[in-house]
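Per-entry structural report
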Amino acid sequence: MILYIDACVREKSRTKRLADALMEKLSGEVKYVKLEDISFETTSEEYLTKRENLIEQCAFDDKMFDLARQFAKADTIVIAAPYWDLSFPAKLKQYIEAINVLGITFLYTPEGMPKGMCKADKLYYVTTAGGPVVPDEYGYGYIKALAESYYGIKDVSLIKASGLDVLGAAVDAIMNEAIASISV
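Position numbers for residues count from 1 along each chain, tracking the sequence in the order it is written. In keeping with the model being predicted, local features are shown solely for residues with a pLDDT of at least 70 and side-chain atom pairs are shown and tallied solely at 80 or more, while totals for entire chains, interfaces and linings include all residues. Water and hydrogen atoms were dropped before computing side-chain values, which therefore reflect all heavy atoms in the structure.

**Observations regarding helix 1 (residues 14-25)**
Where we set the bar: Numbered from the N terminus, helices here are DSSP runs of H or I no shorter than four residues, and strands are runs of E no shorter than two. To estimate the expected span of a helix, subtract one from its residue number and multiply by 1.5 Å. Burial here depends on accessible area, computed with a 1.4 Å probe over protein chains only, as a share of the maximum for the residue type. Under 20% is buried, over 50% is exposed, and the range in between is partly exposed. The contact rule is simple, with two residues in contact once any of their heavy atoms fall within 4.5 Å. Side-chain atoms alone can form a polar contact between residues adjacent in sequence; in general such a contact is a pair of N or O atoms within 3.5 Å, and within protein one must be able to donate a hydrogen while the other accepts it.
In a regular helix each residue adds 1.5 Å, so twelve residues correspond to 16 Å; helix 1 covers 17 Å between its end C-alpha atoms and thus fits that length. All of the buried residues in helix 1 are Thr15, Leu18, Ala19, Ala21, Leu22 and Met23. Residues of helix 1 that are buried in the fold lie against strand 1 (2-6), strand 2 (30-34), strand 3 (76-80), strand 6 (122-128), strand 7 (155-161) and helix 6 (171-180). The distance from a side-chain oxygen at the start of helix 1 to the backbone nitrogen of threonine 15 is 3.2 Å, and the residue carrying that oxygen is serine 13.

Shown next as structure tokens:
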């Protein structure tokens, strides 16, 4: 199953256009998750206590862990997230907090090191930016580090188009070049 996580909010999102071009090259069942449509719980003392208690009891069938279980079961993951303010939209951070579950997406070794529990062997991170993406670490790098270090997903690829809002930019040419460069 391909898990397509969409953090795009604009109707004519260039990031979504690029991610959709990738999806056309992938084959298999697709589960589409539109982050804009998810109402994440507010992190509070009560919420954290409930979550910690459920994890301690290994009560992973609770609805609170639906997104984490889905993420852990995916074969391939596509994250479409525009580059905003040196990172990505806040909804993607909320999603990451929801899927980062000890006992579902990762565990700790006796030495205290994280070990991934996710089935996926490939994660694509798709982004577009009006200017240059400087540095990659704050958006893509963050996701790559989580995928490799916590989730056990070793093959992480960046697909991007940048400089789209620079005065005089050939937007269609930049987008077409990015789309043409997609390989799966």
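**Some remarks on unusual backbone geometry**
Phi at aspartate 85 takes a positive value of approximately 50 degrees, unusual for a residue other than glycine. Looking at where aspartate 85 falls in the secondary structure, it is placed in the loop between strand 3 and helix 4 (90-99). Phi at leucine 86 takes a positive value of approximately 70 degrees, unusual for a residue other than glycine. Tracing the backbone through its elements, the reader meets leucine 86 in the loop between strand 3 and helix 4.

**Quick notes on the sheet that holds strand 6**
Which entries qualify depends on this criterion: When DSSP locates at least two bridges between a pair of strands, those strands are taken to pair. Angles run from 0 to 180 degrees between N-to-C directions of axes, and those axes are lines fitted to C-alpha atoms, restricted for helices to the stretch in contact.
Overall, parallel pairing links the five strands, which are arranged 2-1-3-6-7 in an open sheet. Of all the strands in the sheet, just strand 2 and strand 7 have a single pairing partner and so form its edges. Taken pair by pair, the neighbouring strands of this sheet meet at an average axis angle of 15 degrees, ignoring direction. As paired elements, strand 1 and strand 2 share five bridges and run parallel to each other. Counted as the bridge partner of aspartate 6 is lysine 34 from strand 2. Those strands touched by helix 5 (residues 140-151) are strand 3, strand 6 and strand 7, and its axis lies near 165 degrees from that of strand 7.

**Digging into a nonpolar patch on the surface**
How we decide: For patch building, the residue pool is restricted to those with more than 30% relative accessible area and no salt bridge; the joining distance is 9 Å between like charges and 5 Å between nonpolar side chains (Val, Leu, Ile, Met, Phe, Trp, Tyr). Computed with the Shrake-Rupley method and a 1.4 Å probe, the accessible areas treat only the protein chains shown as cover for residues. One speaks of a salt bridge when a side-chain nitrogen belonging to Lys or Arg is within 4 Å of a carboxyl oxygen belonging to Asp or Glu.
Together, Leu102, Leu107, Tyr108 and Met117 line one region of the surface with nonpolar side chains, adding up to about 320 Å² of accessible area. Looking at the element boundaries, leucine 107 is found in strand 4 (residues 106-108).

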